[in-house]
Amino acid sequence: MPVVRLLCCNSGDYSVRRFSIVAATQVAIAGFAGVASAADLPARVYTKAPPVVAPLYDWHGFFIGLNGGGGWSHNCWNLTAVAAGLIRTVPSEGCSDPAGGLAGGQFGYRWQMANWVFGVEAQGDWANLKGSSISLTGTFGGLPFLNQTRIDAIGLFTAQVGYAWNNVFAYVKGGAAVTRDRYNGVTKFVTPPFGVGYAFDGASETRWGGAAGAGVEYGFAPGWSVALEYDHLFMDSSSNRLVTPAGVFDRTERVQQDVDIATIRLNYTFAVPTAQ
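Residues numbered from 1 in each chain as written. Predicted model: local features only at pLDDT ≥ 70, side-chain atom pairs only at ≥ 80, totals over all residues. Heavy atoms only, no water.

*Asks:* Explanation requested: the environment of alanine 122 in the structure shown.
*Replies:* In this fold, alanine 122 is placed in strand E4 (residues 116-134). The buried category is assigned to alanine 122, whose relative accessible area is 17%. Spatially, the C-alpha atom of alanine 122 lies 9.0 Å from that of alanine 159, the residues being 37 residues apart in sequence. Not counting chain neighbours up to four residues away, the residues in contact with alanine 122 comprise Gly105, Gln106, Phe107, Leu156 and Phe157. (Helix = DSSP H or I, 4+ residues; strand = E, 2+ residues; numbered from the N terminus. Buried < 20%, exposed > 50% of the residue type's maximum accessible area, 1.4 Å probe, protein only. Contact = heavy atoms within 4.5 Å.)

*Asks:* Hey, could you run me through the packing of aromatic side chains in this one?
*Replies:* Where two aromatic rings form a pair, the distance of their centres and the angle of their planes describe that pair. Applying the stated criterion to the full structure yields 16 aromatic pairs. Centroid distance tyrosine 57 to tryptophan 59: 4.7 Å. Interplanar angle 55°. Geometry classified as tilted. Chaining the aromatic ring pairs together yields one cluster made of Phe140, Phe145, Phe194, Tyr198 and Phe200. Lying over the aromatic face of phenylalanine 63, arginine 110 brings its terminal NZ or CZ to 4.4 Å of the ring centre. (Phe/Tyr/Trp six-rings, centres within 6.5 Å; stacked < 30°, edge-to-face > 60°. Lys NZ or Arg CZ within 6 Å of the ring centre and 35° of its normal.)

*Asks:* When you look at the state of the cysteines in this model, what are you seeing that I'm missing?
*Replies:* By definition, a disulfide is the covalent link that joins the sulfur atoms of two cysteine residues. Per the counting criterion, the structure on display carries one disulfide. With a sulfur-sulfur separation of 2.0 Å, cysteine 76 is cross-linked through a disulfide to cysteine 95. Where cysteine 76 bonds to cysteine 95 through sulfur, the torsion about that S-S bond is close to 105°, and the disulfide is right-handed. Here the residue cysteine 76 occupies a position in strand E1 (residues 61-82), and cysteine 95 occupies one in strand E2 (residues 92-96), the gap between them amounting to 19 residues. (Disulfide = S-S within 2.5 Å.)

*Asks:* Just to check I follow, could you spell out the side chain of arginine 265 for this structure?
*Replies:* Looking at where arginine 265 falls in the secondary structure, it is placed in strand E9 (residues 249-270). Under the relative-accessibility criterion, arginine 265 is labelled buried at 1%. A polar contact of 2.4 Å, which involves the side chain of arginine 265, links it to the side chain of glutamate 121. Of note is the side chain of arginine 265, whose polar atom sits 3.0 Å from the side chain of glutamine 123. Once residues within four sequence positions are removed from consideration, arginine 265 is found in contact with Leu66, Asn67, Gln106, Glu121, Gln123, Tyr171, Lys173, Ser225, Val226, Ala227 and Glu229. (Polar contact = N/O pair within 3.5 Å; in protein donor to acceptor, adjacent residues only side chain to side chain.)

*Asks:* Which parts of the structure should I look at to understand the pairing of strand E3 (residues 99-113)?
*Replies:* Consecutive side chains of a regular strand alternate in pointing toward one face of the sheet and then the other. Where E1 and E3 come together, 12 bridges link them in antiparallel fashion. By the bridge assignment, glycine 71 is partnered in E3 with glycine 100. Note that E3 and E4 share 13 bridges and pair antiparallel. Following the sheet pairing, tryptophan 111 is matched in E4 by phenylalanine 118. Linking E3 to E4, which pair antiparallel, is a turn of two residues; within it alanine 114 sits at a positive phi near 60°. (Pairing = 2+ DSSP bridges.)

*Asks:* Is there a simple way to think about the pattern of salt bridges in this case?
*Replies:* Opposite charge on two side chains lets them pair, provided their charged atoms get close. Inspection of every chain in the model, using the stated rule, returns 13 salt bridges. Arginine 251 is the salt-bridge partner of aspartate 250, the closest N and O atoms lying 3.7 Å from each other. In this pair, the class of aspartate 250 matches that of arginine 251, namely buried. A salt bridge links arginine 251 to glutamate 253, with the nearest nitrogen and oxygen atoms 2.9 Å apart. (Salt bridge = Lys/Arg side-chain N within 4 Å of Asp/Glu carboxyl O.)

*Asks:* Is there a simple way to think about the side chain of threonine 187 in this case?
*Replies:* With respect to the secondary-structure elements, threonine 187 resides in strand E6 (residues 168-187). A distance of 2.9 Å separates a polar atom in the side chain of threonine 187 from the backbone nitrogen of tyrosine 198. If sequence neighbours within four positions are ignored, threonine 187 has contacts with Phe140, Phe145, Gly195, Val196, Gly197, Tyr198 and Phe200.

*Asks:* Would you mind going over a nonpolar patch on the surface with me for this structure?
*Replies:* Together, Trp111, Met113, Trp116, Phe118, Val120, Val161 and Val172 make up an exposed nonpolar region whose accessible area comes to about 640 Å². If you list the elements that add at least two residues to the nonpolar patch, you get E3 and E4. With three residues, the top contributor of residues to the nonpolar patch is E4. Looking at the secondary structure, you find valine 172 in strand E6. (Patch = residues over 30% accessible without salt bridge, like charges linked within 9 Å, V, L, I, M, F, W, Y side chains within 5 Å. Areas by Shrake-Rupley, 256 points an atom, 1.4 Å probe, with all protein chains shown as cover.)

*Asks:* Is there a simple way to think about the environment of tyrosine 230 in this case?
*Replies:* As for its position among the elements, tyrosine 230 is in strand E8 (residues 224-243). By relative accessible area, which is 39% here, tyrosine 230 ends up partly exposed. In sequence terms tyrosine 230 and alanine 262 are 32 residues apart; their C-alpha atoms lie 4.5 Å from each other. Look past the residues within four positions of tyrosine 230 in its chain and what remains in contact with it is Trp72, Ala212, Gly213, Ala214, Asp260, Ile261 and Ala262. Polar contacts involving the side chain of tyrosine 230 include one to the side chain of aspartate 260, which spans 2.4 Å.

Encoded structure:
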């Protein structure tokens, strides 16, 4: 502590010095109190602002869309009956692999629970899957002919389940399938009075079977998504009576069929209001 010397010459100087000593003491006390108070304050805590979390993509709700792509099938013909007088030598007529394009639409509804998504869907497509093979039995006008298969339409009625990583959704699906098929015996060579490609008999049917598939869908904007999907259709086999253009029975064929389709799909999902 500093030593303060008091040199007093007279009463006036003593008063002045006394006032200076008191003022200096008060300033020292105030400074010490300020330092002590500052030492008692808690350290300032610096916190970062919470990160901005992007909203999760919503797969829940009604959806509708368009699709397009291609398909191929495998068809095997087996002869089970013929009209009297026609020549048929072996029951197996051979197989063909019709292929072509398809286009159509789909609609359905999805439920989302956390990352799991469940849904139901109906799909309908115009198709032009067409192919033929030379019959391994019999002739028309003494010449070989073709067995031609054409699929005009495809429908799917399926349930789906999948897992979503925000706006990416991978799923599997399964259910029922239906196809519209046409079968014809067609001339391969010129057969007077018939020309090449003359359909001398034919039949058509609506065939039901099963379907299984998988796909990946990507949400690129609120409500909008695009998907790639593959489906296999188990159509089993069915018997068809082929008749001539005049309506006369010609033969009965049991045709076994499987179909594969691959499509690109564009969907729009309508937002479903949530309870407040």
